[in-house]
Amino acid sequence: MSEVLPLAAPHADFDDWRWQLRHALTSAAQLAATLRLSADEFEGAKRAEQGGFPIAVTPHYLSLIAPDDPNCPIRRQVVPRLEESHTLAGDLVDPLGEVAHEVAPHLVQRYPDRALLLASDRCSVYCRFCTRSRMVGQGGGARSPAQLAPALQYLREHPAVTDVIISGGDPLVMSTERLVRLVRAVRDVSSVETIRLATRVPVTLPQRVTDELVAALRPLHPLWVMTHFNHPRELTEASRAACRRLADAGFPVMNQCVLLRGVNDDPATLTQLFKGLVRERVRPYYLLQMDPVRGTSHLRTPLAVGESIMEALQGRLSGIALPKFIVDTPGGFGKVPAGRSYVVSRKPGVTRFVSPRGVEVDYVDPVDPRDETDTVRRVESS
Ligand SMILES: *Cc1c(COP(=O)(O)O)cnc(C)c1O
């Protein structure tokens, strides 16, 4: 029998998102009072507390942790371990080269048409595998309008940027008023078409997705929500209600799942997750190979693990439930699809594929390529 979690016990204000934030666990002692920590976890938490990447676990997310199971997939995401002080060859502090690609304060651009606005350094929960652990949770909180003014000016001066991702930190941890003011400022840039809110709040603080928030953001469409579920156990009644509220208000909700060792690195767990998301009208968008962030190698899988998981899912899972498997190339050179190829061979005009069940089949191009070359030659000489 598991012991009862003191903080998971019903509290009158449990559904109040501000109460959740105020009562998040942030220290080794608080974690130790609630979960049976291993020596490695306690030491990891101590180091995180003393100037490492900070700790935060909301009572909601804590309630999903099995207190006596050191391998609990929820716990592995948020309870620090001693391994966080290990550094492997190839580990980077800023794996996506975001500092080098900062085009204005708090604005990162790695593609001609898209930009990433880091609007806050605060999250409801600090994921131990965070790609931005270099800057997240340092205490600055939401960036002020004055701090974000140069980024907005850059967007006005660069109309090629039509898709702005508001991330952080987690923008949904801000007050509704501040968030709406920010989204409106981005919306007022006439060249911006799509705005995406990147947030883990539907998972870690679903109480935040109130009717009031949804109603305040709704006039700012087209607004997409990019969320981050990693495990089927995270699809709680509260989280599913948050997703439904967003979908009902016309927000396309996309999920970016990070492939994590000991959390979700098997086809059965991911099948359950992806099917559960689709049931709530959340589209599994990316399965992300973990970035080589310093201090996270214990949560990282070799690339071949993701490749074989995708192979197991291809052809077995509905297309709307199957994400793309993506590697965000270290150094900030952009995202690329990873995984095995189903092309067996290529001859001029004929491509041979192997189906997921192992049948080889040819695809024949419409025009004989020699004829095409002749046509090109004829056009050029006329
Ligand atoms: C991931 C990312 C994007 C968005 O990429 P999509 O493939 O369009 O989802 C844009 N800018 C930066 C800096 C990113 O890291």
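Relevant structure appears above.
A. The arrangement of the pairing of strand 8 (residues 282-288) in detail. Counting buried positions over the seven residues of strand 8 gives five, a clear majority of the element. Examined bridge by bridge, strand 7 (residues 253-258) and strand 8 share six bridges and lie parallel to one another. Residue pairing in the sheet places M254 in a bridge with R283 of strand 8. Remark: the strand 7/helix 11 (residues 267-279)/strand 8 crossover connection has right-handed handedness. By the bridge criterion, three bridges tie strand 8 to strand 9 (residues 324-328) in an arrangement that is parallel.

B. How the structure looks around a nonpolar patch on the surface. Residues F353, V361 and Y363 make up a contiguous nonpolar surface patch of roughly 280 Å² in combined accessible area. Tracing the chain through its elements places Y363 in strand 13 (residues 360-364). When its relative accessible area of 48% is taken as the criterion, Y363 is described as partly exposed.

C. Representation of the pattern of salt bridges in the model. Under the counting rule described, the total for this entry stands at 24 salt bridges. Among the ionic pairs, E98 bridges to R134, the shortest N-O distance being 3.0 Å. Linking E98 in the loop between helix 5 (75-78) and strand 1 (102-104) with R134 in the loop between strand 3 (114-118) and helix 6 (145-157), this pair joins segments that are 36 residues apart in sequence. Take E98: its relative accessible area is 3%, and that puts it in the buried class. Put simply, K335 and D328 hold a salt bridge, and the shortest N to O gap is 3.6 Å. According to the relative accessible area criterion, K335 is partly exposed, its value standing at 31%. Residues joined in a network through salt bridges with shared partners are D94, E98, R132 and R134.

D. Structural view of the sheet that holds strand 2 (residues 107-111). The strand order across the open sheet built from 10 strands is 1-2-3-4-5-6-7-8-9-10, with neighbouring strands paired in mixed fashion. In the strand order of this sheet, the two ends are held by strand 1 and strand 10 (335-337), each with one partner. Across the sheet, the axes of successive neighbouring strands diverge by a mean angle of 30 degrees, strand direction being ignored. Its contacts with the sheet place helix 7 (residues 176-187) against strand 3, strand 4 (163-167), strand 5 (194-198) and strand 6 (223-227), and it is angled at close to 150 degrees to strand 5. Contacts from helix 12 (residues 303-313) reach strand 8 and strand 9, with the element oriented near 165 degrees to strand 9.

E. Quick peek at the nonpolar core. Formed by 78 residues in total, the largest nonpolar core has its most connected members in L31, L117, I166, V183, V186, L217 and F274. Counting contributing residues, this core receives three or more from each of domain 1 (17-85) and domain 2 (102-337). If sequence neighbours within four positions are ignored, L117 has contacts with H106, L107, L148, A151, V164, I165, I166, S167, G168, L182 and V186. A56, V108, C123 and Y126 belong to the second largest nonpolar core, which has 14 residues in total.

F. Quick peek at the layout of surface pockets. Here the largest pocket defines a volume of roughly 1000 Å³. Lining the largest pocket are 44 residues, and of these T131, R132, S167, A198 and Q256 lie nearest its centre. Breaking the lining of the largest pocket down by element, the ones donating at least two residues are strand 2, strand 3, strand 4, strand 5, strand 6, strand 7 and strand 8. No other element matches the four residues that strand 2 contributes to the lining of the largest pocket. A class-by-class count of the residues in the lining of the largest pocket yields 22 nonpolar, 12 polar and 10 charged.

G. Summary view of helix 12. Burial in helix 12 covers these residues: G306, I309, M310 and L313. Here the buried residues of helix 12 occupy an arc of 100 degrees about the axis, which is enough to place them on one side. Considering only its buried residues, helix 12 is in contact with helix 11, strand 8 and strand 9. G315 sits one or two residues past helix 12 and shows a positive phi near 85 degrees.

H. Here's a closer look at the site of the ligand. Residues in close proximity to the ligand include V108, R110, Y111, R114, L116, I165, R196, Y285, Y286 and K335, which together make up its full environment. Separating an oxygen atom of the ligand from a side-chain N or O atom of R196 is a distance of 2.8 Å. Between the ligand and the protein, one listed contact pairs an oxygen atom with a side-chain N or O atom of Y285 at 2.7 Å. Notes on the ligand: free accessible area 390 Å², of which the protein chains cover 90%. If you map the ligand onto the pockets, it falls in the largest pocket. Those elements giving two or more residues to the shell around the ligand turn out to be strand 2, strand 3 and strand 8.

Here is what the cut-offs are and how they apply
Residues numbered from 1 in each chain as written. Predicted model: local features only at pLDDT ≥ 70, side-chain atom pairs only at ≥ 80, totals over all residues. Heavy atoms only, no water. Buried < 20%, exposed > 50% of the residue type's maximum accessible area, 1.4 Å probe, protein only. Helix = DSSP H or I, 4+ residues; strand = E, 2+ residues; numbered from the N terminus. Pairing = 2+ DSSP bridges. Right-handed = clockwise from strand over helix to strand, strands pointing away. Patch = residues over 30% accessible without salt bridge, like charges linked within 9 Å, V, L, I, M, F, W, Y side chains within 5 Å. Areas by Shrake-Rupley, 256 points an atom, 1.4 Å probe, with all protein chains shown as cover. Salt bridge = Lys/Arg side-chain N within 4 Å of Asp/Glu carboxyl O. Axes fitted to C-alpha atoms, helices over the stretch in contact; angles between N-to-C directions. Contact = heavy atoms within 4.5 Å. Core = buried A, V, L, I, M, F, W, Y, C linked by side-chain atoms within 4.5 Å. Domains from an automatic or database assignment. 1 Å grid on protein atoms, 1.4 Å probe; cavity = no way out; pocket = protein on both sides within 12 Å on 5 of 7 lines; lining within 4 Å. Points joined across faces, edges and corners; volume = space filled by probe spheres on them. Nonpolar A, V, L, I, M, F, W, Y, C, P; charged D, E, K, R; others polar. Arc of directions from axis to C-beta. Near = heavy atom within 4 Å. Polar contact = N/O pair within 3.5 Å; in protein donor to acceptor, adjacent residues only side chain to side chain. Sits in = over half its atoms within 2 Å of the grid points.

Honestly, it's all geometry; don't read function into it.
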